[in-house]
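# Structural description and commentary
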Amino acid sequence: MKKLVTDLKVEGKTVLVRVDFNVPHKGSTITDDNRIHAAIPTIAELLKKNAKVVLLSHLGKVDWKKLKKGEKTQADIDAQMKKNDLSIVLPALKGYLDKALGKDVKVSFSKATHGDELKAAVAALKPGDVLVMQNTRYEAGEEKNDPALAKEWASLADAFVMDAFGSAHRAHASTYGIPSVLKEEGKETAVGFLMEKEIKGLGRCVEPKEDERPYVAILGGSKVSTKIEVIDSLLKKCDKILIGGGMTYTFKKALYGIDVANSLCEPDQFDYARKCFASGKIVLSVDTVLAKGLDFDNLDKKAEDIKLLDGNVDFPAGYEGADIGPKTRELYASIIASAKTIFWNGPMGIFENPDLQEGTKAVCKACAEATERGAFTVIGGGDSAAAAKQFGYTDKFSHVSTGGGASLELIQYDGHLPGIDVIEDK
Ligand code: ADP
Ligand code: MG
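The structure displayed is predicted, hence computed values, not measured ones.

## Quick word on the overall build of the protein
Per the secondary structure count, the protein includes 16 helices and 17 strands. In summary, the protein has a C-alpha radius of gyration of 23 Å against a globular reference of 22 Å for 426 residues, a match within 12%. In terms of its C-alpha atoms, the protein occupies a principal-axis envelope of roughly 70 × 55 × 40 Å. Relative to its 426 residues, the protein shows a buried fraction of 53%. Taking as baseline every contact in the protein between residues at least 6 positions apart, the subset at least 24 positions apart corresponds to 74%. Charge-centre separation for the protein: the mean point of 59 positive side chains lies 2 Å from the mean point of 62 negative side chains.

## With respect to unusual backbone geometry
Keep in mind that most residues, glycine aside, have a negative phi and that most peptide bonds are trans. Looking along the chain, the bond that leaves Arg213 and enters Pro214 is cis, with omega of 5 degrees. Among the structural elements, Pro214 can be located in the loop between helix H8 (193-203) and strand S9 (215-219). Positive phi values are uncommon outside glycine, yet Asp414 reaches one of about 55 degrees. Structurally, Asp414 is set in the loop between helix H15 (405-412) and helix H16 (418-421).

## Some words on the side chain of Arg18
Examined against the element boundaries, Arg18 turns out to sit in strand S1 (residues 14-18). Engagement of the side chain of Arg18 in a polar contact is seen with the side chain of Ser174, the distance being 2.7 Å.

## Brief notes about the site of ligand 1
In the vicinity of ligand 1, 19 residues are found, and the nearest of them are Lys227, Gly321, Glu352, Asp383 and Ser384. Contact between ligand 1 and Ser384: an oxygen atom at 2.5 Å from a side-chain N or O atom of the residue. Protein burial of ligand 1: of its 580 Å² of free accessible surface, 86% is covered by the chains. At the level of secondary structure, the elements contributing two or more residues to the shell around ligand 1 comprise strand S14 (319-324) and helix H14 (382-390). Ranked by residues supplied to the shell around ligand 1, first place goes to H14 with 3 residues.

## A closer look at the packing of helix H9 (residues 228-237) against helix H11 (residues 270-277)
In contact at an axis separation of 11 Å, H9 and H11 are set at 15 degrees when each is read in the N-to-C sense. By the angle class used here, H9 and H11 are roughly parallel. The handedness of the crossing between H9 and H11 comes out as left-handed. Residues Ile228, Glu229, Ile231, Asp232 and Leu235 of H9 form the contact with H11, whose own contacting residues are Tyr272, Lys275 and Cys276. Its residues assigned to classes, the contact of H9 with H11 comprises 5 nonpolar, no polar and 3 charged.

## A closer look at the nonpolar core
Of all hydrophobic cores here, the largest spans 95 residues; its most connected members are Phe21, Ile43, Leu55, Leu93, Leu97, Val130 and Ile231. A per-element tally of this core places helix H1 (residues 34-48) first, with 7 residues. Apart from the residues lying within four places of it in its own chain, the contact partners of Ile43 are Val19, Phe21, Val53, Leu55, Leu93, Leu97 and Val130. In terms of nonpolar packing, the next biggest core, distinct from the first, is built from 27 residues, Ile342, Ala366, Ala388 and Phe397 among them.

## What about the packing of aromatic side chains?
Per the counting criterion, the structure on display carries 3 aromatic pairs. The interplanar angle of 85 degrees and the centroid separation of 6.5 Å between the aromatic rings of Phe351 and Phe391 together place this pair among those described as edge-to-face. Residue Phe351 is located in the loop between strand S15 (341-345) and helix H13 (358-372), and its partner Phe391 is located in the loop between H14 and strand S17 (399-400); the two are separated by 40 residues in the primary sequence. What makes Phe351 buried here is its relative accessible area of 5%. Sitting over the ring of Phe376, Arg204 keeps its end group 3.8 Å from the ring centre. Across from the ring centre of Phe391, 5.3 Å away, lies the NZ or CZ of Lys361, which sits over that ring.

## Quick word on helix H6 (residues 147-154)
In an α-helix, one turn spans 3.6 residues; hence positions three or four apart end up facing the same way. All of the buried residues in H6 are Leu149, Ala150, Trp153 and Ala154. One face of H6 carries all of its buried residues, which in axial projection span an arc of 130 degrees. Opposite its buried face, H6 presents the exposed residues Pro147, Ala148 and Lys151, each directed more than 90 degrees away. On its buried face, H6 sits against S1, strand S4 (52-56), helix H5 (115-123), strand S6 (130-133) and helix H7 (173-184).

## Regarding H8
Leu194, Met195, Glu198, Gly201 and Leu202 are the residues of H8 that are buried. Down the axis, H8 shows its buried residues gathered within 135 degrees of arc, on one side only. More than 90 degrees from the buried face of H8, the exposed residues found are Lys197 and Lys200.

## What about a positive patch on the surface?
Together, Lys61, Lys65, Lys66, Lys69 and Lys83 line one region of the surface with positive charge. With respect to the secondary-structure elements, Lys69 resides in the loop between helix H2 (64-68) and helix H3 (74-83).

## Observations regarding the pattern of salt bridges
Counted by the stated rule, this structure contains 25 salt bridges. For Asp98, the salt bridge identified is with Lys94, shortest N-O distance 2.9 Å. With Asp98 and Lys94 both in helix H4 (residues 90-101) and 4 residues apart, the pair spans about one turn of that helix. For Asp98, a relative accessible area of 21% puts it in the partly exposed group. You can call Lys94 partly exposed: its relative accessible area is 26%. For Asp232, the salt bridge goes to Lys275, with nearest N and O atoms at 3.7 Å. You can see Asp232 sitting in helix H9 and its partner Lys275 sitting in helix H11, a full 43 residues away along the chain.

Cut-offs applied
- Counting restarts for each chain, with residues numbered from 1 along the sequence as it is written.
- Whichever chain is written first becomes A and whichever ligand is written first becomes 1, with later ones labelled in order.
- Local features in this predicted model are restricted to residues of pLDDT 70 or higher, and side-chain atom pairs are both shown and tallied only at a pLDDT of 80 or more, whereas totals for entire chains, interfaces and linings draw on every residue.
- Water and hydrogen atoms were dropped before computing side-chain values, which therefore reflect all heavy atoms in the structure.
- Think of it this way: any DSSP run of H or I at least four residues long counts as a helix, any run of E at least two long counts as a strand, and we number them from the N terminus.
- When we talk radius of gyration, it's over C-alpha atoms, and the globule rule is simply 2.2 Å times the number of residues to the 0.38.
- Categorising residues by exposure relies on relative accessible area from a 1.4 Å probe, with only protein chains included: less than 20% of the type maximum marks a residue as buried, more than 50% marks it as exposed, and the intermediate range marks it as partly exposed.
- Contacts are residue-level and defined by heavy atoms, with any inter-residue pair within 4.5 Å sufficient.
- In this count, Lys and Arg are taken as positive residues and Asp and Glu as negative ones, while His and the chain termini are left out.
- One atom stands in for each charge, and that atom is NZ of Lys, CZ of Arg, CG of Asp or CD of Glu.
- Whenever two N or O atoms come within 3.5 Å, that pair is a polar contact, provided that in protein one can donate a hydrogen and the other can accept it, and provided that, for residues adjacent in sequence, both atoms are side-chain atoms.
- Any residue with a non-hydrogen atom lying within 4 Å of a molecule or strand is treated as near it.
- The Shrake-Rupley method, run with a 1.4 Å probe, gives the accessible areas here. Residue values count only the displayed protein chains as cover.
- Axis lines are fitted through C-alpha atoms, for helices just across the contact stretch, and the angle between N-to-C directions can take any value from 0 to 180 degrees.
- When an angle is under 35 degrees it counts as roughly parallel; over 145 it counts as roughly antiparallel; between 65 and 115 it counts as roughly perpendicular; any other value is oblique.
- Helix crossings fall into two classes, left-handed where the near helix is turned counterclockwise from the far one by less than a right angle and right-handed where it is turned clockwise.
- Polarity classes work like this: nonpolar for Ala, Val, Leu, Ile, Met, Phe, Trp, Tyr, Cys and Pro, charged for Asp, Glu, Lys and Arg, and polar for all others, with Gly in that last group.
- As used here, the term nonpolar core means buried Ala, Val, Leu, Ile, Met, Phe, Trp, Tyr and Cys residues forming a set that is joined through side-chain atoms within 4.5 Å.
- Classification of ring pairs rests on two measures: the distance between centres of Phe, Tyr or Trp rings, Trp counted by its six-membered ring, which must be within 6.5 Å, and the angle between planes, read as stacked under 30 degrees, edge-to-face over 60 and tilted in between.
- We count a charge as sitting over a ring when the NZ of a lysine or the CZ of an arginine lies within 6 Å of the ring centre and within 35 degrees of the ring normal.
- By definition, the arc is the one covered by directions from the helix axis to the C-beta atoms.
- Only residues above 30% relative accessible area that lack a salt bridge enter a patch, with like-charged residues linked at up to 9 Å and the nonpolar side chains Val, Leu, Ile, Met, Phe, Trp and Tyr linked at up to 5 Å.
- One speaks of a salt bridge when a side-chain nitrogen belonging to Lys or Arg is within 4 Å of a carboxyl oxygen belonging to Asp or Glu.

Right under this line is the structure:
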């Protein structure tokens, strides 16, 4: 068991909290502030204990590596930094904190991410105050886990709380470097409430016991190659894997030799796909919704044509596989209906388009019914979670993970992630 934020003695002390405020945003408008909301219980707990709280998070990308390789210019980096200014989270954060504590919480912002200015901002905090530091990725050393940077950040704190599940699979300075330094110095480290919830929820998908089986995974989304290792490890853990989304056509071409026309297809994965299928655990679609002339820059725009294709036969030229058909929806729903543990990652079709949502909706509905009758149902994946939200099913799952890559890796590595392992046990 990891030490939890409630185990810390932090009255009057400075606590660094790594949160995940990597919110989707257009300019300074946040389009979904769920990640801010999800971090509130941990911050509120520390404030109630009269700690001084310093929040660290990344937002978006800053391509320091590409700058070094000459693939990006300093002007590109400056533009990325401007685009990913973390101060946009302040209004929502303060609103939620005031509500949670029932009083006016002092929330300030440090533009500096190192040096005397940051040190002074931390020193100015009083118990019960919050300081948000600018985007950790403004520092080139963050993603490299630069020891000097980790040491400098750690020097600001008496204790560290990890609550950024979405970043827990990365050993960066703010997720891994700081707690490593603090532990060496004999200072306390703990996980927050969000991390605890994720570890428990996703933990149930690592190795379900006999009475929690059948364990069914549903895998969709865009590419086989990015999820390849996951299929391998899921095959060892699951009783069945239902395949949907773009990886379907790599399997179909590899197994049946059919022409998949314009569908996503990765020939270099054919051998791997055959090997996976030989496990006898993989279930593929039996009918396909085909689309022609999709506008990939405006996915919600009507396709030129939509067609249903039965069986494993050649796709007509100019079309691509874009969703699972009605027979497959029924087949998958019937398998989901008999499962006791269900892990879902990746939409079944191009759900951004109103004509290609039925497969993903059917999976949501079947999982919702499964939850209702007592199965444990989990979504891990940004787009799958967004789809479930869009179709009104978020509350019908046992656990919706806030981390995409992190949730897959947690299952793949049997509950171990750098940002979890680095935190001390109770
Ligand atoms: P998640 O974020 O849940 O892990 P992914 O990022 O892997 O999921 O995949 C989501 C994307 O997959 C969506 O944008 C969706 O449009 C796309 N997708 C699903 N099915 C197909 C398909 N048949 N062809 C192309 N793209 C697909
Ligand atoms: Mg995604």
